[in-house]
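Notes for the structure review
Next come the chains, spelled out residue by residue.
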Amino acid sequence: MGLMRKLTCFGFGAVLALGACSGGSETALSQAGQLKTIYTNFRAATAKAPPLPTLTPALIDSLTVSSLEIVIEERGATAYLVPFSDRNDRRPGKLRTWRTADNANLVFRDGILVTTRGLGNDLGSSDASSTVAAIQTRSARSGQRAMFVRNGDNGTDRINLSCTMSNLGPTTLSIVGTQRSVVHLQESCTGSNEQITNDFWVDRRDSTVWQSRQWASPELGYIRTRLLKK
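These numbers come from a predicted model, not from an experiment.

On to the overall build of the protein chain, then. The number of helices and strands found in the protein chain is five helices and twelve strands. Of all 230 residues assigned to the protein chain, the portion counted as buried reaches 46%. If you take every contact in the protein chain between residues at least 6 apart in sequence, the share linking residues at least 24 apart comes to 48%.

Glancing now at helix α5 (residues 129-137). Listed in full, the buried residues belonging to α5 are S130, T131, V132, A133, A134 and I135. Downstream of α5 by one or two residues, R138 has phi in the positive range, about 50 degrees.

Another point: the pattern of salt bridges. Considering all chains together, one arrives at nine salt bridges under this definition. Between R226 and E69 there is a salt bridge whose closest N-O contact spans 2.7 Å. Note that R226 is positioned in strand β12 (residues 221-229) and E69 in strand β1 (residues 67-72), a separation of 157 residues in sequence. Classification of R226 as partly exposed rests on a relative accessible area of 21%. Exposure remark for E69: the relative accessible area of 11% places this residue in the buried category. Two residues, E187 and R145, come together in a salt bridge whose shortest N-O distance is 3.1 Å. Taken together, the residues E187 in strand β9 (residues 178-191) and R145 in strand β7 (residues 141-150) connect sequence positions 42 residues apart. For the pair E187 and R145, one class covers both residues: buried. Residues joined in a network through salt bridges with shared partners are E73, R213 and R224.

Positive phi values are uncommon outside glycine, yet N121 reaches one of about 45 degrees. Looking at the secondary structure, you find N121 in the loop between β5 (112-117) and β6 (123-127). With a phi angle near 50 degrees, R138 is a residue other than glycine that sits in the positive phi range. Looking at the secondary structure, you find R138 in the loop between α5 and β7.

The next subject is the confidence of the model for the protein chain. Taken residue by residue, the protein chain gives an average pLDDT of 80. The fraction at 70 or more is 77%. By mean pLDDT, the top-scoring element of the protein chain is strand β11 (residues 209-217) (97), and the lowest-scoring one is helix α2 (residues 13-20) (35). The low-confidence segment residues 1-49 (pLDDT under 50) makes 91 contacts with residues lying over four places distant or belonging to another chain.

What follows covers the state of the cysteines. Within the structure shown, the criterion is met by one disulfide. Residue pairing for C163: its cysteine sulfur links by disulfide to C189, the two sulfurs lying 2.1 Å apart. Taking the sign of the S-S torsion, 115 degrees for the link of C163 and C189, the bridge is right-handed. Taken together, the residues span a long stretch of sequence, with C163 in strand β8 (residues 156-175) and C189 in strand β9 at a distance of 26 residues.

On to the environment of T131. Relative to the elements of secondary structure, T131 occurs in helix α5. T131 sits in the buried class, given a relative accessible area of 1%. With near-sequence residues (within four places) excluded, T131 lies in contact with I112, R145, M165, E187 and F200. One polar contact links T131 to E187, side chain to side chain, over a distance of 2.5 Å.

The rules behind these values
Residues numbered from 1 in each chain as written. Predicted model: local features only at pLDDT ≥ 70, side-chain atom pairs only at ≥ 80, totals over all residues. Heavy atoms only, no water. Helix = DSSP H or I, 4+ residues; strand = E, 2+ residues; numbered from the N terminus. Buried < 20%, exposed > 50% of the residue type's maximum accessible area, 1.4 Å probe, protein only. Contact = heavy atoms within 4.5 Å. Salt bridge = Lys/Arg side-chain N within 4 Å of Asp/Glu carboxyl O. pLDDT = per-residue confidence, 0-100. Disulfide = S-S within 2.5 Å. Polar contact = N/O pair within 3.5 Å; in protein donor to acceptor, adjacent residues only side chain to side chain.

Rendered as structure tokens:
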């Protein structure tokens with residue numbers, strides 16, 4: 001299975017088993033069936049792909065674990081992930097690893113993408129301390145970011161960026177019919193022949209990143225995220 005095909009087939013593997021055992025009612029079984037359809041018939045890399053089932057508030061409510069939707073824009077690939085682990089290290093912010101059904105991993109620090117595994121030309125690591133501080137306080141802030149990206153020669157390229165976070169103000173975000181009161185933060189970064197813009201829609205109360213658009217690497221480009229269930 002090629003990388004593009006692989007990326008378009010991962011999904012709600014862990015959630016599926018939980019959803020099927022979450023009640024035993026016809027509604028629960030029906031929603032588990034929808035999840036199975038999402039998992040097995042996920043968007044193929046051809047124009048003949050069947051359409052994805054529509055996510056609904058009832059379907060999201062039935063899930064028993066947190067769920068994250070990602071879209072890799074350059075590849076037209078969409079996936080649904082579930083949490084694999086949470087941990088803290090010496091830097092501010094909690095690290096959460098999200099995993100796909102075929103064990104590709106994305107790691108976020110307080111909602112900021114810092115590592116990918118299994119996507120090809122991955123983001124090996126990222127020091128995004130200034131971005132974490134801006135997210136935690138939901139405020140404008142400037143700082144440096146260092147990103148370490150895998151290259152095709154089995155090595156790592158360092159990308160140094162100077163970033164400025166701007167607060168674009170409060171807004172209301174709708175995710176699968178649920179309204180969230182958020183602040184839109186926008187980060188502009190330049191350096192290492194790159195000019196990128198990251199967007200974060202952050203809960204006004206507790207700094208949860210409900211939605212984002214973040215640059216991962218020259219190969220991966222931008223990855224969009226929606227937190228379907230916290």
